[in-house]
Amino acid sequence: YDQDRSGTLDEDEFALALEYMKMPVNDGMLERLFAKYDADGSGSIEYPEFRTAWLGLADPKKELDARNIGSFHFRLFFLLGMVFVPLTMFFLTSF
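Residues numbered from 1 in each chain as written. Predicted model: local features only at pLDDT ≥ 70, side-chain atom pairs only at ≥ 80, totals over all residues. Heavy atoms only, no water.

Moving on to helix α3 (residues 47–57). An α-helix turns once per 3.6 residues; consequently, residues spaced three or four apart project the same way. Those residues of α3 that fall on the buried side of the exposure criterion are Tyr47, Glu49, Phe50, Ala53 and Trp54. Buried residues of α3, seen end-on, are gathered within an arc of 155 degrees and therefore sit on one face of the element. (Buried < 20%, exposed > 50% of the residue type's maximum accessible area, 1.4 Å probe, protein only. Helix = DSSP H or I, 4+ residues; strand = E, 2+ residues; numbered from the N terminus. Arc of directions from axis to C-beta.)

Here the focus is the side chain of Glu49. Residue position: Glu49 is located in helix α3. The charged side chain of Glu49 is buried without a salt bridge, its nearest counter-charge being Arg51 at 13 Å. Other than its neighbours up to four places away in sequence, Glu49 contacts Tyr37, Asp38, Ala39, Asp40 and Ser44. (Lys, Arg positive; Asp, Glu negative; His and termini not counted. Salt bridge = Lys/Arg side-chain N within 4 Å of Asp/Glu carboxyl O. Contact = heavy atoms within 4.5 Å.)

Let us look at the packing of aromatic side chains. Inspection of the entire model under this criterion finds one aromatic pair. Centroid distance Phe14 to Phe34: 5.8 Å. Interplanar angle 65 degrees. Geometry classified as edge-to-face. Here Phe14 is found in helix α1 (residues 11–20), whereas its partner Phe34 is found in helix α2 (residues 27–37), with 20 residues between them in sequence. Each of the two residues, Phe14 as well as Phe34, counts as buried. (Phe/Tyr/Trp six-rings, centres within 6.5 Å; stacked < 30°, edge-to-face > 60°.)

Our next topic: unusual backbone geometry. Non-glycine residue Arg5 carries a positive phi angle of around 55 degrees. Following the sequence through the fold, Arg5 ends up in the segment before α1. By relative accessible area, which is 76% here, Arg5 ends up exposed.

This paragraph deals with α2. Taken together, the buried positions of α2 are Leu30, Leu33, Phe34 and Tyr37. In an axial view of α2, the angular spread of the buried residues amounts to 100 degrees, which keeps them on one side of the axis. Facing away from the buried side of α2 by over 90 degrees, the exposed positions are Arg32, Ala35 and Lys36. Buried positions along α2 lie against α1 and α3. Capping the start of α2, Asn26 holds a side-chain oxygen 3.1 Å from the backbone nitrogen of Gly28, two or three residues further along. (Polar contact = N/O pair within 3.5 Å; in protein donor to acceptor, adjacent residues only side chain to side chain.)

What follows is the structure, encoded as structure tokens:
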């Protein structure tokens, strides 16, 4: 989703991530969600903010199961926390 490889998501990139999570939103809802999860008000969503959004908006176990990633990786997600989500997103978007 980080199309410009900045390490953060701008509002358009965040909208793509929401769409990928099967959460299409209208412009008003996108603005509210972006403001909510851009906790530091920087105008972009950094990884910890995205992790919070993903855990709050999606059902991570259901998403991983649907992609045949399985329960071992779900448990690993909680063990590794901030490392696993980028790896998962890499693998989900690489195929």
